[in-house]
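Spelled out from the first residue to the last, the chains are:
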Amino acid sequence: MLWVRVASGIVAIAFALGIIFVGGWYFTIGTGVLIFLAQLEYFRLVRAKGIAPAAKTTLVVSQILLLTATVAPQLTDAVFPLAGALICFYLLFQPKLATIADISTSILGLFYGGYLPSYWVRLRVGFTPPSTITLASSNLPLMGYWPESWIQPKLLPPSLTITLLAFGCIWAADIGAYFMGKWLGKTALSVVSPKKTVEGAIFGILGSIIVAEIGAWYLDWPYWEITGALLGALIGVVSLLGDLTESMMKRDAGVKDSGQLIPGHGGILDRTDSYVFTAPVVYYFVTLLLPLLQ
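Here's what I pulled together on the structure shown here. (Residues numbered from 1 in each chain as written. Predicted model: local features only at pLDDT ≥ 70, side-chain atom pairs only at ≥ 80, totals over all residues. Heavy atoms only, no water.)

Next up on the list: the packing of aromatic side chains. A complete count under the given rule lists 17 aromatic pairs for this structure. Taken together, a centroid distance of 5.0 Å and an interplanar angle of 90° make the contact between Y178 and F179 edge-to-face. Residue F179 is classed as partly exposed on the basis of its relative accessible area, which comes to 45%. Their ring planes at 80° and their centres at 5.2 Å tell us that Y283 and Y284 sit as a pair that is edge-to-face. Here the aromatic cluster, defined as three or more aromatic residues joined through ring pairs, consists of F80, F111, Y115, Y119, Y283 and Y284. (Phe/Tyr/Trp six-rings, centres within 6.5 Å; stacked < 30°, edge-to-face > 60°. Buried < 20%, exposed > 50% of the residue type's maximum accessible area, 1.4 Å probe, protein only.)

Turning our eyes to something else, we now look at the pattern of salt bridges. For the structure on display, the rule yields six salt bridges. A salt bridge links D252 to K49; the shortest N-O distance between them is 3.3 Å. Taken together, the residues span a long stretch of sequence, with D252 in helix α9 (residues 224–253) and K49 in the loop between α2 (24–47) and α3 (55–71) at a distance of 203 residues. Here D243 ties to K196 by a salt bridge, and the two come within 3.3 Å at their closest N and O atoms. Of this pair, D243 sits in helix α9 while K196 sits in strand β2 (residues 193–197), and the two are 47 residues apart along the sequence. Residue classification places K196 among the partly exposed positions, given a relative accessible area of 21%. Taken together, the shared-partner salt bridges in this structure form one network comprising E246, K250 and D270. (Salt bridge = Lys/Arg side-chain N within 4 Å of Asp/Glu carboxyl O. Helix = DSSP H or I, 4+ residues; strand = E, 2+ residues; numbered from the N terminus.)

Glancing now at the pairing of β2. Consecutive side chains along a regular strand alternate between the two faces of the sheet. Across two bridges, strand β1 (residues 188–190) lies against β2 in antiparallel orientation. Pairing of A188 across the sheet is with T197, part of β2. The hairpin formed by β1 and β2 contains two residues between the paired strands. (Pairing = 2+ DSSP bridges.)

Attention shifts here to the environment of P280. Checked against the element boundaries, P280 lands in helix α11 (residues 278–293). Between the C-alpha atoms of P280 and L165, which are 115 residues apart in sequence, the distance is 14 Å. Not counting the four nearest positions on each side in its chain, P280 is found in contact with L116 and Y119. (Contact = heavy atoms within 4.5 Å.)

A word on α11. Counted at 1.5 Å a residue, the expected span for α11 with its 16 residues is 22 Å, and the 21 Å between its end C-alpha atoms agrees. Of all the bends found along α11, the most pronounced is centred on F285 and spans about 35°. Turning to α11, its buried residues are T278, A279, P280, V282, Y283, F285, V286 and L290. Contact partners of the buried residues in α11: α6 (118–124), α7 (158–184), α9 and α10 (268–276). (Expected span 1.5 Å × (residues − 1). Bend = angle between axes of the 7 residues up to and from the residue.)

The subject of this paragraph is the packing of α10 against α11. Where α10 meets α11, the closest approach of the two axes is 5 Å, and the angle between their N-to-C directions is 30°. As the angle between them shows, α10 and α11 are arranged roughly parallel. Along its contact with α10, which presents S274, Y275 and V276, the element α11 presents T278, A279 and P280. Among the residues forming the contact of α10 with α11, the class breakdown is four nonpolar, two polar and no charged. (Axes fitted to C-alpha atoms, helices over the stretch in contact; angles between N-to-C directions. Parallel < 35°, antiparallel > 145°, perpendicular 65-115°, else oblique. Nonpolar A, V, L, I, M, F, W, Y, C, P; charged D, E, K, R; others polar.)

Attention shifts here to the side chain of T227. Take T227: it is sitting in helix α9. At 3.2 Å, the side chain of T227 and the backbone oxygen of P222 are in polar contact. Not counting chain neighbours up to four residues away, the residues in contact with T227 comprise A216, W221, P222, F285, L290 and L293. (Polar contact = N/O pair within 3.5 Å; in protein donor to acceptor, adjacent residues only side chain to side chain.)

A few words now on the nonpolar core. Counting 61 residues, the largest nonpolar core has W120, L123, W221 and V286 as its most contacted members. A per-element tally of this core places α7 first, with eight residues. Setting aside anything within four residues of it in sequence, one finds L123 in contact with S159, I162, T163, V282, Y283 and V286. (Core = buried A, V, L, I, M, F, W, Y, C linked by side-chain atoms within 4.5 Å.)

Attention now goes to α3. Side chains three or four residues apart in an α-helix point the same way, a direct result of the helix having 3.6 residues per turn. Across its 17 residues, α3 extends 25 Å between first and last C-alpha, which sits within 8% of the 24 Å expected from 1.5 Å per residue. For α3, the set of buried residues is A55, T57, T58, L59, V61, S62, L65, L66, T68, A69 and T70. Tucked into the core, α3 has its buried residues touching α2, α4 (76–92), α5 (100–115) and α6.

To continue, consider unusual backbone geometry. The phi torsion at D220 lies on the positive side, around 60°, for a residue other than glycine. Mapping D220 onto the fold places it in the loop between α8 (198–218) and α9.

Glancing now at the environment of L142. Tracing the chain through its elements places L142 in the loop between α6 and α7. For the pair L142 and G232, spaced 90 residues apart in sequence, the C-alpha separation works out to 32 Å.

Let us now look at the packing of α8 against α9. Look at α8 against α9: their axes get within 7 Å of each other, and the N-to-C directions meet at 140°. For α8 against α9, the interelement crossing comes out right-handed. Judged by residue contacts, A201, I205, S208, I209, A212, E213, A216 and W217 of α8 engage W224, E225, T227, G228, A229, L231, G232, A233, I235, G236, V237 and L240 from α9. Among the residues making up the contact of α8 with α9, the classes are represented as 13 nonpolar, five polar and two charged. (Left-handed = near helix turned anticlockwise from the far one by under 90°.)

Any functional reading would require information that these geometric values do not contain.
So, in structure tokens, the structure goes:
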């Protein structure tokens, strides 16, 4: 029912906003819990195909990736291949000879469920532009933060405002695609997800662009008209690709939802698929492209 979907969506958004605002280890732990639950769902999909991945090892090394992204974000890219090697090492010494499918799905679980989401931790917890390094960004235990005043929102840490902007773009894309797709959608977008329409996708991307434009203007980004539109379009397209990728995995596994944890939405993976590929796009947009323009 629609009201169940809306109510559970409000709870999910409240949880997301809470850990985003507080940041620090609160964000890392909250993200870690979501990643753990999402990976459990992913491995259930994999096992439905008769594959035996290194699930426990992948779950552990994925959490190590998040810890690294918190305390030493510059080392996360180095930890990723080491974690992959550890997974292969584990499979190598199993009583039953591991297959290519066992290895590849385990590494995909690490990449899709651990490495890519770690960019959110790098963005919210580990990202501090040199120009703002002297600003107080932690006034709670465990590196947490809460604004002392809401009168001047521009003084909020850039890691907070950029993460909020990115999530806002994803939410706008999801809402625009869902409601406008139901209202105007007639042209099927992909056989992977028959309910998605071209019209819904277009309005979803437009919604993401509008939110990004407002954010870029407010944050005084260089050439905000262009950078805002570019970021919004990227988030709109990449979040849609993330959604379709998860739909492809579910279709192959022969299930409708990855789980039933969230009423009206399915599983954690169903609700977070739009965020997976978006994380590195946003991170490199603000750490590489914006400094170059400035």
